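Below, each chain spelled out in residue letters.
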Amino acid sequence: QRLSGLDERISSLQRAYWLTRESSRLDQIRMERQKFDEARTKLESMVYTDEARRLIDAIERAAAEYRRISDGLSELVRQGAESETVARTFDEKATPLRRQLDEQINMLVAHDMRLHEAAQQGSNDAVSSAVGLLLGIAVGAVLLAIAIAYALVPSLNNQIGTAVSHVQSSSTEL
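Residues numbered from 1 in each chain as written. Predicted model: local features only at pLDDT ≥ 70, side-chain atom pairs only at ≥ 80, totals over all residues. Heavy atoms only, no water.

Core analysis: the largest hydrophobic core is formed by 29 residues, its most contacted members being Trp18, Phe36, Ile59 and Leu73. Among the secondary structure elements, those contributing two or more residues to this core are helix H1 (2-20), helix H2 (24-46), helix H3 (50-78) and helix H4 (83-173). Per element, the largest residue contribution to this core is 10 residues, and it comes from H3. If sequence neighbours within four positions are ignored, Trp18 has contacts with Ser70, Leu73, Ser74, Val77, Val86 and Phe90. (Core = buried A, V, L, I, M, F, W, Y, C linked by side-chain atoms within 4.5 Å. Buried < 20%, exposed > 50% of the residue type's maximum accessible area, 1.4 Å probe, protein only. Helix = DSSP H or I, 4+ residues; strand = E, 2+ residues; numbered from the N terminus. Contact = heavy atoms within 4.5 Å.)

The next subject is the pattern of salt bridges. Throughout the structure, instances matching the rule amount to 15 salt bridges. The closest approach of N and O atoms between Glu22 and Arg25, which form a salt bridge, is 3.6 Å. Judged by relative accessible area, Glu22 falls into the partly exposed class, the value being 36%. With a relative accessible area of 23%, Arg25 lands in the partly exposed category. Here Asp71 and Arg33 are joined by a salt bridge, their closest N and O atoms 2.9 Å apart. Of this pair, Asp71 sits in helix H3 while Arg33 sits in helix H2, and the two are 38 residues apart along the sequence. Taking the relative accessible area as the measure of exposure, Asp71 reaches 37% and is therefore partly exposed. Several salt bridges share partner residues, and in doing so they unite Asp7, Glu8, Arg98 and Asp102 into one network. (Salt bridge = Lys/Arg side-chain N within 4 Å of Asp/Glu carboxyl O.)

Here we take up the packing of H1 against H2. Contact geometry for H1 and H2: axes closest at 9 Å, N-to-C directions at 165 degrees. Put simply, H1 runs roughly antiparallel to H2. In this structure, H1 meets H2 at a crossing whose hand is left-handed. From H1, Arg2, Leu3, Leu6, Asp7, Arg9, Ile10, Leu13, Gln14, Ala16, Tyr17 and Thr20 reach across to H2, where they touch Arg25, Leu26, Gln28, Ile29, Glu32, Arg33, Lys35, Phe36, Ala39, Arg40 and Leu43. (Axes fitted to C-alpha atoms, helices over the stretch in contact; angles between N-to-C directions. Parallel < 35°, antiparallel > 145°, perpendicular 65-115°, else oblique. Left-handed = near helix turned anticlockwise from the far one by under 90°.)

Below, the discussion takes up a nonpolar patch on the surface. On the surface, a cluster of nonpolar side chains totalling about 540 Å² of accessible area is made up of Leu144, Ile148, Leu152, Leu156, Ile160 and Val164. Of note, Leu156 is situated in helix H4. (Patch = residues over 30% accessible without salt bridge, like charges linked within 9 Å, V, L, I, M, F, W, Y side chains within 5 Å. Areas by Shrake-Rupley, 256 points an atom, 1.4 Å probe, with all protein chains shown as cover.)

Residues with a pLDDT of 70 or more make up 100% of the chain, whose mean pLDDT is 89. Averaged pLDDT values over the elements of the chain bottom out at 87 in H1 and peak at 92 in H3. (pLDDT = per-residue confidence, 0-100.)

Right under this line is the structure:
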């Protein structure tokens, strides 16, 4: 999403330069491109699937092609081309490349969302399994306690009976 925001910013700055012909916009474009490249590089170091790497490579290719066309348009502006020529070239060449770049970024975002949803589902499944296991252990412990109690009751009855008889015989003797 950061890539998309930076891409939008770069595109806006380029259009502003083409319309106003203010050279200060070129420095801003360079800075935003550097931020875009840094964000893409950081993102590239964080991905762990082949699909994500492929999408980042596609973004890099689309961005490079869009930059090439944009730089060509900027050169037309520097040479004093008419605004209509720049606008027509933008519509014919840059706009389709911009859409392609946006599409590649959106595909990467969608891929990331699918990975996030799969990880969340895996986490939910693990929690459900753990809860089931804990319930099973608790039921097993209760059943074991009941079985031990039933096993000990006859033995305790015998011991209590023996103790009572000893007490009775002792009291009779007294």
